[in-house]
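Coordinates in review
Spelled out, the chains give:
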Amino acid sequence: MILKPGPTMQRGFSVITASVVRGADFHSPGARILVTATGYVENQGMGWNADKTSVGNQWGEGPVMCEGIPFELILKTKRATAWPLDSHGRRLAAIKAEAGGDGARFIFGPRYKTLWYEVATE
């Protein structure tokens, strides 16, 4: 599996994790993979000090605002499907992989308005 993070807008960092939740590995037929991608996170109305090192007791309130992360995921398999997941883990509209020389390729990003994706290999 290849993960290629894209540029972020806030702090120049992101965290992308991928875990096989079913199957022997990332590339085996029938594998199910949970991908989580997050960037800068903050409650609405947080009261940062001037150095942005503390909020004291000004934690703000939800809903939490989180930067969507653009990234590319390539699996060494011919066919795969991905779904953005909602906050309850339910699948949204399917995303078909682009077939390429390296395998099944997905481009994820803020347009999906989620932090979570499920990927299934065939």
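Notes on the structure follow. Starting afresh in each chain, residues are numbered from 1 along the sequence in its written order. Restriction of local features to residues with pLDDT of at least 70 applies here, the model being predicted, together with a cutoff of 80 or more for giving and counting side-chain atom pairs; totals for whole chains, interfaces and linings are based on all residues. To obtain the side-chain values, all non-hydrogen atoms of the structure were used and water was disregarded.

Moving on to the packing of aromatic side chains. The way to describe two aromatic rings as a pair is by their centre distance and the angle between their planes. Two aromatic rings from Phe, Tyr or Trp, using only the six-membered ring of Trp, form a pair when their centres are within 6.5 Å; if the ring planes differ by under 30 degrees the pair is stacked, by over 60 it is edge-to-face, and anything between is tilted. By the definition in use, this model includes 5 aromatic pairs. Taking 5.0 Å as the distance between ring centres and 40° as the angle between the ring planes, the aromatic pair formed by F71 and F108 counts as tilted. With F71 in strand β6 (residues 71-75) and F108 in strand β10 (residues 103-108), this residue pair connects regions lying 37 residues apart in the sequence. Buried residues are those whose accessible area, probed at 1.4 Å on protein chains only, stays under 20% of the maximum for their type, while exposed residues exceed 50% and partly exposed ones sit between those limits. The exposure class assigned to F71 is buried, which follows from its relative accessible area of 3%. With 5.8 Å between their ring centres and 75° between their planes, F71 and Y117 make a pair best called edge-to-face. Taken together, the residues F71 in strand β6 and Y117 in strand β11 (residues 116-121) connect sequence positions 46 residues apart. With a relative accessible area of 1%, Y117 lands in the buried category. Members of the aromatic cluster, connected to one another through ring pairs, are F71, F106, F108, Y112 and Y117. Directly above the ring of W83 sits R91, whose terminal nitrogen or CZ lies 3.7 Å from the centroid. Comment: elements are numbered from the N terminus, with helices defined as DSSP H or I runs of at least four residues and strands as E runs of at least two. Definition used: whenever NZ (Lys) or CZ (Arg) falls within 6 Å of the ring centre and also within 35 degrees of the ring normal, the charge is taken to sit over that ring.

Time to look at the sheet that holds strand β8 (residues 95-96). Strand pairing follows a simple DSSP-based rule, namely that at least 2 bridges must link the two strands. Strands sit in the order β2-β3-β11-β7-β8 across an open sheet of 5 strands; the sheet is antiparallel. Each having just a single partner strand, β2 (15-22) and β8 make up the two edges of the open sheet. Relative to β8, strand β7 (residues 80-85) runs antiparallel, the two sharing 2 bridges. Within β8, the residue paired with A82 across the bridge is I95.

What follows concerns the environment of A94. Note on placement: A94 falls in the loop between β7 and β8. In the structure, A94 is positioned 13 residues away from T81 in sequence and 6.8 Å away in space, judged by C-alpha atoms. Pairs of residues are marked as contacts when any of their non-hydrogen atoms sit within 4.5 Å. Apart from the residues lying within four places of it in its own chain, the contact partners of A94 are T81, A82 and W83.

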